[in-house]
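Residue-level structural notes
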Amino acid sequence: MHPSKPQFVTASEDKTVRLWDLEKMDLVRKTEVGVAARSAAFSPDGSLIAIGLKNGEFLLMKGDSLEVVTKKRDRCSTIHDIRFSPDGQLLAMGNDDCSVDFYSVRPGARLSRAGYCKSIPSSVLQLDWSDDSKLIKVSTGSYETLVFAAPSGNPISKVENGTWATWTSVLGREVVGIWPRNADKADVNCAHVSQSANSLVTGDDFGLVKLFDFPVQDKYAKHKQYVGHSAHVTNVRFSHDDRFVVSTGGDDCCVFVWKCH
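Report on the accompanying structure. (Residues numbered from 1 in each chain as written. Predicted model: local features only at pLDDT ≥ 70, side-chain atom pairs only at ≥ 80, totals over all residues. Heavy atoms only, no water.)

Some thoughts on the sheet that holds strand β21 (residues 255-259)
Rules: Strands qualify as paired when DSSP identifies two bridges or more between them. Helix and strand assignments come from DSSP, with helices taken as H or I runs of at least 4 residues and strands as E runs of at least 2, each series counted from the N terminus. Fitted lines through C-alpha atoms give the axes, limited to the stretch in contact for helices. The angle between two N-to-C directions lies from 0 to 180 degrees.
Ordered by their spatial adjacency, three strands build an open sheet running β19-β20-β21, and the pairing between neighbours is antiparallel. Each of the sheet's edge strands pairs with one partner strand only, and the pair in question is β19 (233-238) and β21. In this sheet, adjacent strand axes meet at a mean angle of 20° when their direction is disregarded. In this sheet, strand β20 (residues 244-249) lies alongside β19 in antiparallel orientation, the contact comprising five bridges. Within β20, the residue paired with Val-236 across the bridge is Ser-247.

This is how it looks when you write it as structure tokens:
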């Protein structure tokens with residue numbers, strides 16, 4: 001999601017990156033990247049878009065034109081999530097190599113790896129930065145949540161008085177109620193807490209988009225659910241002003257825009 005405009009970007013298996021207008025429900029711009037793309041993120045000021053590819057490469061594009069500014073590849077596995085730090089100084093990416101890499105993206109600085117997290121037991125699914133850009137929370141395919149210092153990658157065993165700039169993890173006591181009865185661990189694929197921090201949206205393997213009050217600390221919490229996708233939902237996001245929710249489908253190859261009342 002763009003941090004201040006009614007726009008969002010998608011990265012797709014069809015090897016395209018597309019910029020969309022939320023209010024007009026229209027495609028603004030499209031570009032071919034030559035490789036299946038799996039993750040995307042705007043920089044905090046919206047001037048850059050980072051794209052993670054299936055071959056381990058990542059791209060930095062201009063936020064308005066989708067022109068590639070630079071690209072780099074230090075690994076060979078899929079980048080499942082890619083996120084700028086809140087201060088805009090670092091770019092983190094999690095991949096199938098069971099690692100998280102940090103790159104310095106300061107204006108005028110050479111694009112270089114500043115550090116990485118290791119000893120992660122499984123592939124990385126979701127990343128969330130702390131408000132002060134000093135910590136990163138990693139949700140893994142083995143359904144563990146780990147916290148590391150950035151950019152050193154040193155593991156942090158206890159987080160005190162920390163707040164997270166975003167919440168996209170499907171794990172943790174704050175979201176235990178999103179899991180339905182008799183759920184398999186893979187049933188809930190994605191989540192996002194609203195900018196107001198009082199609502200949470202999820203997408204699951206049954207094609208459902210669900211809306212909860214946040215935090216969701218009671219098991220099998222009450223919620224509203226919305227249908228439309230014919231296959232699993234791969235990602236969900238609130239817009240910068242919480243007026244919209246965007247959900248992306250897997251096999252149905254659809255992007256849904258939901259208006260929040």
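Here's the deal with the side chain of Ser-239
Formally: Burial status follows relative accessibility: with a 1.4 Å probe on protein chains alone, a residue under 20% of its type maximum counts as buried, one over 50% as exposed, and anything between as partly exposed. Residues count as neighbours in contact if any of their non-hydrogen atoms are within 4.5 Å of one another.
Mapping Ser-239 onto the fold places it in the loop between β19 and β20. The exposure class assigned to Ser-239 is buried, which follows from its relative accessible area of 1%. Setting aside anything within four residues of it in sequence, one finds Ser-239 in contact with Met-1, Leu-22, Gln-195 and Phe-244.

A word on the packing of aromatic side chains
How we decide: Pairing of aromatic side chains here covers Phe, Tyr and the six-membered ring of Trp, requires ring centres within 6.5 Å, and sorts the geometry by plane angle: under 30 degrees stacked, over 60 edge-to-face, intermediate tilted.
One pass over the full model with this rule turns up seven aromatic pairs. A ring pair is formed by Phe-58 and Tyr-103, whose centres lie 4.8 Å apart and whose planes are at 55°; its orientation type is tilted. Of this pair, Phe-58 sits in strand β6 (residues 57-62) while Tyr-103 sits in strand β10 (residues 100-104), placing them 45 residues apart in sequence. Summarising the burial analysis for this pair, Phe-58 and Tyr-103 share the class buried. Here Tyr-226 and Trp-258 contribute two aromatic rings whose centre-to-centre distance is 5.8 Å and whose plane-to-plane angle is 50°, an arrangement assigned as tilted. Here the residue Tyr-226 occupies a position in strand β18 (residues 224-226), and Trp-258 occupies one in strand β21, the gap between them amounting to 32 residues.

As for the pattern of salt bridges
Operational definition: By convention in these notes, a salt bridge is any Lys or Arg side-chain nitrogen within 4 Å of a carboxyl oxygen on Asp or Glu.
Counting across every chain of the model gives 11 salt bridges. Among the salt bridges present, the one from Arg-83 reaches Asp-128, with a minimum N-O distance of 3.9 Å. Of the two residues, Arg-83 is situated in strand β8 (residues 79-84) and Asp-128 in strand β12 (residues 124-129); the sequence distance between them amounts to 45 residues. For Asp-128, a relative accessible area of 0% gives the class buried. Salt bridges here are not isolated pairs; linked through shared partners, they connect Glu-13, Arg-38 and Lys-54.

As for the sheet that holds strand β9 (residues 90-95)
Pairing in this open sheet of four strands is antiparallel, and the strands run β8-β9-β10-β11 from one edge to the other. Both edges of this open sheet fall to β8 and β11 (112-117), since each of them pairs with a single strand only. Ignoring strand direction, the axes of neighbouring strands in this sheet form an average angle of 20°.

A look at the pairing of strand β13 (residues 135-140)
Of all six residues that make up β13, six are buried, and the element is covered over most of its length. The turn linking β12 back onto β13 is made up of five residues, and Ser-133 within it adopts a positive phi angle of 65°. By the bridge criterion, five bridges tie β13 to strand β14 (residues 145-149) in an arrangement that is antiparallel. Bridge pairing in β14 places Lys-137 opposite Val-147.

Things to note about the environment of Ala-149
Along the polypeptide, Ala-149 turns up in strand β14. Along the chain, Ala-149 and Gly-52 lie 97 residues apart, while their C-alpha atoms are 22 Å from each other.

Quick look at the nonpolar core
To keep things clear, this is the line we draw: Grouping buried Ala, Val, Leu, Ile, Met, Phe, Trp, Tyr and Cys residues that are joined through side-chain atoms within 4.5 Å yields what is termed a nonpolar core.
Membership of the largest hydrophobic core comes to 14 residues, with the highest contact counts inside it found for Val-170, Ile-178, Leu-200 and Phe-214. No other element matches strand β15 (residues 188-193), which puts three residues into this core. What Phe-214 contacts, discounting residues up to four positions off in sequence, is Trp-167, Glu-174, Val-175, Val-193, Ala-197, Asn-198, Ser-199 and Leu-200. Formed by 13 residues, the second largest nonpolar core is a distinct cluster that contains Val-124, Leu-127, Val-138 and Phe-148.

Scope: geometric values only; no functional claims are made or implied.
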